[in-house]
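Letter by letter, the chains look like this.
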Amino acid sequence: MLAMSDGRPPGSAPDHGSSTHPSADPSAAPPVRGWRARYHGAHTRYRGFRDGLRHRPVVDRCWRWSIGVLGTLIVIVGIILIPYPGPGWLVVFTGLAVLASEFEGARRLLHFARGHYDRWNDWQKQQHIVVRLLLFAATGAVVLVTLWLLDVFGLVSDWFGIDAGWLDSPLEPFA
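Presented here is an overview of the structure given in this document. Everything quoted here is computed from the prediction, not taken from an experiment.

**Notes on helix α3 (residues 88-100)**
Logical step 1: With 13 residues, α3 should reach 18 Å at 1.5 Å per residue; the first-to-last C-alpha distance of 18 Å fits that figure.
Logical step 2: For α3, the full list of buried residues reads Gly88, Val92, Phe93, Gly95, Leu96, Val98, Leu99 and Ala100.
Logical step 3: Looking at the buried residues of α3, the elements they touch are α2 (57-81) and α4 (104-126).

**So, the side chain of glutamate 102**
Logical step 1: Structurally, glutamate 102 is set in the loop between α3 and α4.
Logical step 2: We classify glutamate 102 as buried; its relative accessible area is 8%.
Logical step 3: Here tryptophan 63 takes part through its side chain, which lies 3.2 Å from a polar atom of the side chain of glutamate 102.
Logical step 4: Here glutamate 102 is in contact with Tyr46, Arg50, Trp63, Arg64 and Ile67, once residues within four sequence places are set aside.

**With respect to the packing of α2 against α3**
Logical step 1: At their nearest, the axes of α2 and α3 sit 7 Å apart, and the two run at 165° to each other. Considered as vectors, α2 and α3 are oriented roughly antiparallel to each other. When you trace α2 past α3, the crossing you get is left-handed. Together, Ile67, Gly68, Leu70, Gly71, Thr72, Ile74, Val75, Val77, Gly78, Ile79 and Leu81 of α2 and Gly88, Val91, Val92, Thr94, Gly95, Leu96, Val98 and Leu99 of α3 make up the contact between the two elements.
Logical step 2: Across the contact of α2 with α3, the residue classes tally to 12 nonpolar, seven polar and no charged.

What counts, and at which threshold
Residues numbered from 1 in each chain as written. Predicted model: local features only at pLDDT ≥ 70, side-chain atom pairs only at ≥ 80, totals over all residues. Heavy atoms only, no water. Helix = DSSP H or I, 4+ residues; strand = E, 2+ residues; numbered from the N terminus. Expected span 1.5 Å × (residues − 1). Buried < 20%, exposed > 50% of the residue type's maximum accessible area, 1.4 Å probe, protein only. Contact = heavy atoms within 4.5 Å. Polar contact = N/O pair within 3.5 Å; in protein donor to acceptor, adjacent residues only side chain to side chain. Axes fitted to C-alpha atoms, helices over the stretch in contact; angles between N-to-C directions. Parallel < 35°, antiparallel > 145°, perpendicular 65-115°, else oblique. Left-handed = near helix turned anticlockwise from the far one by under 90°. Nonpolar A, V, L, I, M, F, W, Y, C, P; charged D, E, K, R; others polar.

In short, shape yes, function no, at least from these values alone.
Okay, here's the thing in structure tokens:
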């Protein structure tokens, strides 16, 4: 009997449910697309890079120290920026993510901090407008006091020729 090039007898319909096609396997994961594909590729490359460093203990130790110092500096800058308008918490979470790439404790802390941050935001949204305005005023007071202590007001008053001693920082004699 004659056979087609794919091994089936003449006149028979092709088997589209064939298990030889990769998409025919129902347990196969769908292809990763979009930003997830880019993240997955970058994550895979980073893991390969790290696995290569683990075989060289001195380089591995230097890498971990570098990540530790960089992540800690980013977290410190973020903590300083928290009371100011802008991305203070984003910087803190970025620093924790950098640390979490190498340290399990930082990964747990990042997860813990995200949970508390989300709960805080949910609590704020449920509060009366007066409570929200008081929180806003307290944040503004922290910003103003910090700017005063850093002598920003004294510097600006000098630019404009304003002689107001109360604008000068009380910490100025120590500088």
